[in-house]
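# Tertiary structure, described
The residues making up each chain are set out below.
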Amino acid sequence: MAHLQFDPAEQSDLRAAARAEFPQNPGLAYVLELMAAEGIDLDRCQDWETLRLEVGLAPRDATGSSGVA
């Protein structure tokens, strides 16, 4: 069971970033604050392609694009 905890200085930096992001992006601010408070459960992390498939999106290589805008 792997769990990443941030030290107090990192927690402070994450909270400062959350405050800075809140006016433009409250969702990101919430995630940053949650990470500062609880850390990250590495056992629950998934890669981007797995998440895409779980929500019903096609794999990136199936779209025929390079993924570059």
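To keep things clear, this report deals only with the structure shown in the data block. Not measured: the values here are computed from a predicted model.

### Here's the deal with helix α2 (residues 26–38)
The end-to-end C-alpha distance of α2 is 18 Å, a good match for the 18 Å that 13 residues give at a rise of 1.5 Å each. Looking only at α2, the buried set comprises Ala29, Leu32 and Ala36. On an axial view of α2, the arc spanned by its buried residues comes to 65 degrees, and they lie on one face. Elements in contact with the buried residues of α2: α1 (8–21). Phi turns positive, to about 80 degrees, at Gly39, one or two residues after α2.

### A look at the side chain of Arg52
Its location among the elements puts Arg52 in helix α3 (residues 48–54). Glu49 provides the closest opposite charge to the buried, salt-bridge-free Arg52, at an N-O distance of 4.0 Å. Among residues more than four places away in sequence, those in contact with Arg52 are Leu57, Ala58, Pro59 and Arg60.

### Section: the packing of α1 against α2
Direction vectors running N to C along α1 and α2 enclose 165 degrees, while the axes themselves pass 8 Å from each other. On the basis of their axis angle, the class for α1 and α2 is roughly antiparallel. The handedness of the crossing between α1 and α2 comes out as left-handed. Along its contact with α1, which presents Gln11, Leu14, Arg15, Ala17, Ala18 and Glu21, the element α2 presents Pro26, Leu28, Ala29, Leu32, Glu33, Met35, Ala36 and Ala37. When its residues are assigned to classes, the contact of α1 with α2 shows 10 nonpolar, 1 polar and 3 charged.

### Overview of the nonpolar core
Residues Phe6, Leu14, Ala18, Ala29, Leu32 and Ala36 constitute the largest nonpolar core, which totals 6 residues. Elements represented by at least two residues in this core include exactly α1 and α2. In terms of residues, this core owes the most to one element, α2, which gives 3 residues. If sequence neighbours within four positions are ignored, Ala29 has contacts with Ala18, Glu21 and Phe22.

Conventions we followed
- Residues numbered from 1 in each chain as written.
- Predicted model: local features only at pLDDT ≥ 70, side-chain atom pairs only at ≥ 80, totals over all residues.
- Heavy atoms only, no water.
- Helix = DSSP H or I, 4+ residues; strand = E, 2+ residues; numbered from the N terminus.
- Expected span 1.5 Å × (residues − 1).
- Buried < 20%, exposed > 50% of the residue type's maximum accessible area, 1.4 Å probe, protein only.
- Arc of directions from axis to C-beta.
- Contact = heavy atoms within 4.5 Å.
- Lys, Arg positive; Asp, Glu negative; His and termini not counted.
- Salt bridge = Lys/Arg side-chain N within 4 Å of Asp/Glu carboxyl O.
- Axes fitted to C-alpha atoms, helices over the stretch in contact; angles between N-to-C directions.
- Parallel < 35°, antiparallel > 145°, perpendicular 65-115°, else oblique.
- Left-handed = near helix turned anticlockwise from the far one by under 90°.
- Nonpolar A, V, L, I, M, F, W, Y, C, P; charged D, E, K, R; others polar.
- Core = buried A, V, L, I, M, F, W, Y, C linked by side-chain atoms within 4.5 Å.

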